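Structural features, examined
These are the residues of each chain, in order.
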Amino acid sequence: MADLSAFPIAARWPARHPDRLQLYSAPTPNGVKVSIMLEEIGLPYEPHYVDIGKDESWTPEYLALNPNGKIPAIVDPDGPDGKPFGLFESGAILLYLAEKTGKLLPADAALRYETIQWVFFQMAAIGPIFGQVGFFHKFAGREIADKRPLERYATESRRLIGVLETRLTGRPWIAGDDYTIADVATLGWVRNLIGFYEARDLVGFDDFPTVAKWLERGLARPAVQRGLTIPSKG
Ligand SMILES: N[C@@H](CCC(=O)N[C@@H](CS)C(=O)NCC(=O)O)C(=O)O
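If you check an unreviewed UniProt entry, the protein chain appears there as Glutathione S-transferase from Ollibium composti.

See below:
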């Protein structure tokens with residue numbers, strides 16, 4: 001049986017199945033990337049709900065795994081060289097899981113880097129910018145009288161959706177014919193922008209029918225539907 005005692009996080013969120021990959025997360029757009037991925041690849045895992053509303057990701061046990069205090073993070077009891085291995089940053093986790101299982105990342109070198117390029121696009125642009133729309137449109141920032149921050153992030157979000165629209169024209173998935181970690185990284189963010197953040201009209205989402213069809217295609221995947229609800233609070 002795997003020994004996770006070197007990871008303080010395992011003391012606060014104890015593993016019932018220490019031989020399974022341990023996921024510490026919440027069903028947010030960054031969190032669900034990893035749960036969707038795990039559901040897609042079928043690797044046995046144990047999800048732990050981290051209540052970010054109660055700042056649980058800022059506890060010493062969590063910070064020992066991710067000093068950046070954000071979900072998601074994982075501990076893989078069967079990491080490189082068979083040793084337990086901890087990892088944070090959702091993009092790094094997606095790449096790690098894809099390489100570990102040989103799934104959702106093309107083997108062809110050019111296609112592989114093209115896919116990674118779009119994962120970085122999500123990490124560097126889609127996530128941070130859409131997140132600011134959430135803050136200034138839906139959450140605490142909506143009270144701010146000066147609407148320039150909201151306008152800036154809404155305009156940039158619209159531009160980014162336009163980049164996706166162009167990329168997806170003539171392709172079912174972001175990397176091309178195959179569904180990859182680039183889609184896994186991006187689906188939850190686009191869904192959130194027009195759903196939970198209520199920014200559909202603000203960013204003019206209906207002007208991007210190709211992105212809308214891609215989103216529909218992605219959300220129709222059973223693994224995506226399951227991943228979107230994991231870890232549950234209860
Ligand atoms: N770049 C990080 C971002 C993670 C992130 O921002 N997570 C948010 C939830 S979506 C979080 O943990 N927020 C809690 C907090 O900041 O207190 C990743 O992709 O893993």
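Tallied over the entire structure, the rule returns 14 salt bridges. Residue aspartate 78 is joined to lysine 100 by a salt bridge in which the shortest nitrogen-to-oxygen separation is 3.9 Å. Here the residue aspartate 78 occupies a position in the loop between strand E3 (73-76) and strand E4 (85-88), and lysine 100 occupies one in helix H4 (residues 90-101), the gap between them amounting to 22 residues. On the accessibility criterion, aspartate 78 (45% relative accessible area) is partly exposed. Between aspartate 206 and arginine 200 there is a salt bridge, and its shortest N-O distance comes to 2.9 Å.

Okay, the sheet that holds E3 next. Taking strand neighbours across the sheet as the criterion, the four strands line up as E2-E1-E3-E4 in an open arrangement whose pairing is mixed. One side of each edge strand has no neighbouring strand; the edge strands of this open sheet are strand E2 (45-49) and E4. Neighbour to neighbour, the strand axes of the sheet diverge by 15° on average, direction disregarded. Relative to E4, E3 runs antiparallel, the two sharing four bridges.

Turning to the UniProt feature "domain: GST C-terminal" (unreviewed entry) in the protein chain, a few remarks are in order. Per the UniProt record, "domain: GST C-terminal" (unreviewed entry) is annotated on residues 108-234. Here residues 108-234 runs as 65% helix and 0% strand, with 42 Å between its end C-alpha atoms.

Calculation criteria
Residues numbered from 1 in each chain as written. Predicted model: local features only at pLDDT ≥ 70, side-chain atom pairs only at ≥ 80, totals over all residues. Heavy atoms only, no water. Salt bridge = Lys/Arg side-chain N within 4 Å of Asp/Glu carboxyl O. Helix = DSSP H or I, 4+ residues; strand = E, 2+ residues; numbered from the N terminus. Buried < 20%, exposed > 50% of the residue type's maximum accessible area, 1.4 Å probe, protein only. Pairing = 2+ DSSP bridges. Axes fitted to C-alpha atoms, helices over the stretch in contact; angles between N-to-C directions. UniProt positions renumbered as here; feature names shortened; annotations may be inferred.

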